[in-house]
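Each chain is listed here by its residues.
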Amino acid sequence: MDITLTLTNVLYVVTAGLVLLLLWKSQRKQSSIGQLPPGPTPYPLLGNILQIDVKEPYKYYLKKYGSVFTIWLANSPVVIISGYQALKDTMIGLGEEFSGRATYPLTLILCYFLFKGSAFSPADMLSNTMANVICSIVFGQRFEFEDPQFKFLLQTVNSVFTVLNISLFPGKHHLLFRDVDKAREYCKRQAKARINNVDPSCPQDLIDAFVLKIQEEKYNPDTEYHFDNLISLVWNLFSAGTETTSSTVRHALLLMMKHPDVQERVQKEIDEVVGQDRWSSVEDRQNLPYTDAVIHEIQRNMDLAPIAVPHKMMCDTEYNGYVIPKGVMVFPLLSSMLIDPKMWKNPDCFDPENFLDADGRFQKNDAFVVFGMGKRACLGEALARIELFIFFTYLLQHFTFKATVPLEELDTAPTKCSFGRMPRTYDCYAIPRK
Ligand code: HEM
């Protein structure tokens, strides 16, 4: 008998056996969690992946199943929660139970990005500038834009937001994990260098302050202040705090080009309240209601994190007649609130009137949940709001932004993907105002 033929046959049988085993396990898992909210029937192994429309991932199911439903990403159930009431009940009312943090499943990552080459694109400048804000707070220093270490850190963060559009199979994401490890190593070296070198009377940055807490709590066995947490904190702040704000300002300038009347009105208000001879400060915000409304509307329109950052159940929890087991992943569908026609005057278009009352005063709106809600809401919200205000007002105080293409060709819709919405890259003219 031909030995190669026999081996091939054995291989077929083993592979078929493995596939059958996986199918059996997958179906057992899918049917074993009986009290989850309803949702589309999953295929074995793949779950609902093939049924999800990447452009509008959950719209159809929202209509069919209402505000709480389950989808399966491969072999893992994910509970999707949407709408004002359900999100308030869960993220705030049951805040503790819903406060675990899940990791992004690779299968969720189904993003599509468009990139174009450009003569003057503000993208790099914005991300360098915003990153230096975080660097000043965390590392106590700013970096030159050309610094290779700084470039590497930024590139890695950018990859986390963009290259994560790949599949379960070996490939680019492994390079990404390797780069993330390298970036964390850098954070580690920075932190290690400080361990015995902090002046307790004068901490210079976040690392110094954390190191002092480590020393203060060294005899407390339950302390959260230890070296590993310091590294995670530094990396989390850096990665969560750079691309988010710089992408928002990038989207802001794009919208200003598309809506020159809005840009002009913001500039007029800044000229009247701040003038041209000084920078705006946070105190000016209350006297700049139109500008404030425009910044909020930019963020609502952008909808940077449509499903927030995946949550995880801390314990078995009953909600709305269902039981969501401990460990199950939950996506709070923030988008559903940002475009809810019951909550906004004009939910589908960019319209600063969404944040203005009849007298032109700034009007808060409970459905403005771009930073998430409840216990796991964005840690950097206060800083992000200040950054967006200061950078946006500074840029419009000094420049008028103009598109390089006719306005009707300027597409402002962020590139869609199922976990984040990134602004498009574009060329622009920044015309000095003086
Ligand atoms: C436009 C700017 C930003 C937006 C729209 C934004 C949005 C968000 C959202 C939606 C979440 C997840 C909330 C949830 O899961 O319920 C989040 C988490 C987080 N953000 Fe931001 N963020 C921004 C800027 C920043 C900045 C500047 C920092 C750091 C200084 C930061 C640090 C974090 C951290 C550390 C978390 C995780 C919090 C946790 O797990 O408890 N973010 N952000």
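Owing to the predicted nature of the structure, the values given are computational and were not obtained by experimental measurement.

> It is not clear to me how the UniProt feature "transmembrane region" (unreviewed entry) in the protein chain should be interpreted in this structure. Could you clarify?
Residues given the UniProt feature "transmembrane region" (unreviewed entry) here are residues 6-24 and 65-86. Between the first and last C-alpha atoms of residues 65-86 the distance is 13 Å; the span itself is 18% helix and 59% strand.

> How should the UniProt feature "binding site: heme" (unreviewed entry) in the protein chain be read in this particular structure?
As recorded in UniProt, the feature "binding site: heme" (unreviewed entry) lies at Cys378. With respect to the helices, strands and loops of the structure, Cys378 is situated in the loop between helix H11 (334-338) and helix H12 (381-398).

> I keep staring at the domain arrangement of the protein chain and nothing clicks. Help me out?
Interfaces are often described in size by the accessible area the parts lose on coming together. Along its sequence, the protein chain is organised into domain 1 (3-81) and domain 2 (122-432). Facing the 16 residues of domain 1 at the interface are 15 residues of domain 2. For the pair domain 1 and domain 2, the summed buried area comes to about 1500 Å², and 75% of that belongs to carbon and sulfur atoms. The largest per-residue losses of area from domain 1 upon contact with domain 2 belong to Gln35, Tyr58 and Ile81, which jointly make up 30% of the total buried on that side. Linking domain 1 to domain 2 there are 0 salt bridges. Counting across the interface, domain 1 meets domain 2 through 5 residue pairs in polar contact (both at pLDDT 80 or more). Elements with a contribution of two residues or more to the side of domain 1 that touches domain 2: strand S1 (68-73) and strand S2 (76-82). Top contributing element to the side of domain 1 that touches domain 2 by residue count: S2, with 5 residues. Looking at the side of domain 1 that touches domain 2 residue by residue, the classes come out as 14 nonpolar, 1 polar and 1 charged.

> Would you mind going over unusual backbone geometry with me for this structure?
A negative phi angle characterises most non-glycine residues, just as the trans form characterises most peptide bonds. With phi around 55 degrees, Ala308 is a residue other than glycine that occupies positive phi space. Locating Ala308 in the fold gives a position in the loop between helix H10 (289-302) and strand S4 (311-312). Residue Asn320 is not a glycine yet carries a positive backbone phi of 60 degrees. Relative to the elements of secondary structure, Asn320 occurs in the loop between strand S5 (317-319) and strand S6 (322-324). On the basis of relative accessibility, which here comes to 52%, the residue Asn320 falls in the exposed class.

> Explanation requested: the confidence of the model for the protein chain in the structure shown.
Chain-level statistics for the protein chain give a pLDDT mean of 82 and a share of 83% at 70 or above. Contacts of residues 105-119 to residues separated by more than four positions or lying in other chains number 46 contacts, the stretch itself having pLDDT below 50. A low-confidence stretch, residues 164-170 (pLDDT under 50), is modelled with 16 contacts involving residues beyond four sequence positions or located in other chains. In the model output, the complex is listed with pTM 0.81 alongside ipTM 0.98.

> How do you make sense of the environment of Val330 when you look at a structure like this?
The residue Val330 is located in strand S7 (residues 329-333) in this model. Along the primary structure Val330 and Asp222 are separated by 108 residues, whereas in three dimensions their C-alpha atoms are 28 Å apart. Not counting residues within four places of it along the chain, the set of residues in contact with Val330 comprises Val79, Ile81, Met91, Phe98, Pro310, His311 and Met313.

Procedures and definitions
Residues numbered from 1 in each chain as written. Predicted model: local features only at pLDDT ≥ 70, side-chain atom pairs only at ≥ 80, totals over all residues. Heavy atoms only, no water. UniProt positions renumbered as here; feature names shortened; annotations may be inferred. Helix = DSSP H or I, 4+ residues; strand = E, 2+ residues; numbered from the N terminus. Domains from an automatic or database assignment. Contact = heavy atoms within 4.5 Å. Buried area = accessible area lost by both parts, 1.4 Å probe. Salt bridge = Lys/Arg side-chain N within 4 Å of Asp/Glu carboxyl O. Polar contact = N/O pair within 3.5 Å; in protein donor to acceptor, adjacent residues only side chain to side chain. Nonpolar A, V, L, I, M, F, W, Y, C, P; charged D, E, K, R; others polar. Buried < 20%, exposed > 50% of the residue type's maximum accessible area, 1.4 Å probe, protein only. pLDDT = per-residue confidence, 0-100.

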